[in-house]
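# Observations on the three-dimensional arrangement
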Amino acid sequence: LESWRNEMKGEINRINQVLPTSTGGKTAVIQQWMNSVIRRLNHCKAEHKALLKEATTLLELALWKAKIGEKEEILGEVKAKRVKMDIQSERNERRVTSGANIVIKNVLPYLELT
């Protein structure tokens, strides 16, 4: 994120170098500069969205793994008494009941651009 900030500062400050040396229509130079700033900003937003999606996925997987580990600790004691369990259905159930949808819903606003 710091590199994006530096890129944007550089792009915004570029007008101070370009405008004084431009000859002719300064309006066209300013419009070209504004379009360049907007393109750079949109690029940074798109990169941020991709990183946010990746972070959300990792958070969901971490919560799921924690819930599976929690359940496996409990099952470790009961496993000797039980017959063969359907491990895949247990994993799927843990994924649904991991609480990731609640946690992500409350964490995401802090990560999004405003």
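Keep in mind that this is a model prediction, so the values were computed, not measured. (Residues numbered from 1 in each chain as written. Predicted model: local features only at pLDDT ≥ 70, side-chain atom pairs only at ≥ 80, totals over all residues. Heavy atoms only, no water.)

## Observations concerning the overall build of the protein
Rule in force here: Runs of E in the DSSP output that reach at least two residues are strands. Runs of H or I that reach at least four are helices, and both are numbered from the N terminus. With a 1.4 Å probe rolled over the protein chains alone, any residue whose accessible area is under 20% of its type maximum counts as buried; one over 50% counts as exposed, and the rest are partly exposed. For this analysis, residues touch if any pair of their heavy atoms sits within 4.5 Å. Accessible surface is estimated by sampling points in the Shrake-Rupley manner with a 1.4 Å probe; for residues, cover comes only from the protein chains shown.
When helices and strands are counted, the protein shows 4 helices and 0 strands. Listing the helices and strands of the protein from first to last along the sequence gives α-α-α-α. Considering the protein as a whole, with its 114 residues, one finds that 19% of them fall into the buried category. Of the contacts made within the protein by residues no fewer than 6 positions apart, 67% connect residues no fewer than 24 positions apart. Put simply, the protein shows about 9200 Å² of open surface, and 58% of that area lies on carbon and sulfur atoms.

## Some details on empty space enclosed by the protein
By rolling a water-sized probe across the atoms, one finds the places where empty space is left. Heads up, the rule is: Cavities and pockets were defined on a 1 Å grid built over protein atoms only: a cavity is a set of grid points that admits a 1.4 Å probe from which the probe cannot escape, a pocket is an open set flanked by protein on both sides within 12 Å along at least five of seven lines, and lining residues are those with an atom within 4 Å of any such point. Grid points are joined across faces, edges and corners, and a volume is the space filled by probe spheres set on the points. Residue type decides the class: Asp, Glu, Lys and Arg count as charged, Ala, Val, Leu, Ile, Met, Phe, Trp, Tyr, Cys and Pro as nonpolar, and the leftover types, Gly among them, as polar.
Applying the stated criterion to the full structure yields 1 cavity of 30 Å³ or more. If you trace the largest cavity, you find it lined by Thr56, Leu59, Ile104, Val107, Leu108 and Leu111. Among the elements that line the lining of the largest cavity, the one with the most residues is helix H4 (residues 100–111), at 4 residues. Class assignment of the residues belonging to the lining of the largest cavity gives a composition of 5 nonpolar, 1 polar and no charged.

## Quick word on the side chain of Ser22
Where we set the bar: By the criterion applied in these results, polar contacts are pairs of N or O atoms within 3.5 Å in which, for protein atoms, one can donate a hydrogen and the other can accept it, and in which residues neighboring in sequence qualify only through two side-chain atoms.
Along the chain, the position of Ser22 falls in the loop between helix H1 (2–21) and helix H2 (26–78). A distance of 2.9 Å separates a polar side-chain atom of Ser22 from the backbone oxygen of Leu19.

## Focus: the pattern of salt bridges
Put simply, the test is: When a carboxyl oxygen of Asp or Glu lies within 4 Å of a side-chain nitrogen of Lys or Arg, that pair is called a salt bridge.
Per the stated rule, a full pass over the model turns up 2 salt bridges. For Glu11, the salt bridge identified is with Arg14, shortest N-O distance 3.0 Å. Note that Glu11 and Arg14 are positioned in helix H1 at a spacing of 3 residues, about one turn of the helix.

## Remarks on a nonpolar patch on the surface
Selection criterion: Two distance rules govern patches: like charges are joined within 9 Å, and nonpolar side chains (Val, Leu, Ile, Met, Phe, Trp, Tyr) within 5 Å, applied only to residues with over 30% relative accessible area and no salt bridge.
On the surface, a nonpolar cluster with roughly 380 Å² of combined accessible area is contributed by Val103, Val107, Tyr110 and Leu111. Counting through the fold element by element, Val107 comes out in helix H4.

## Structural notes on the confidence of the model for the protein
Test applied: Summary of the metric used: pLDDT quantifies the predictor's per-residue confidence within the range 0 to 100.
Taken as a whole, the protein shows an average pLDDT of 76; of its residues, 70% reach a score of 70 or greater. Within the protein, helix H3 (residues 87–96) has the poorest average pLDDT of any element, 65, and H1 the best, 85.

## Some thoughts on the environment of Ala55
As for its position among the elements, Ala55 is in helix H2. A C-alpha to C-alpha distance of 9.6 Å links Ala55 and Leu108, two positions 53 residues apart in sequence.

## Quick look at the nonpolar core
Worth spelling out the cut-off: Residues belong to one nonpolar core when they are buried, are Ala, Val, Leu, Ile, Met, Phe, Trp, Tyr or Cys, and are joined through side-chain atoms within 4.5 Å.
Met8, Ile15, Val29, Trp33 and Val37 together form the largest nonpolar core, which totals 5 residues. Counting residues per element, the ones that place at least two in this core are H1 and H2. Broken down by element, this core gets its largest block of residues, 3 residues, from H2.

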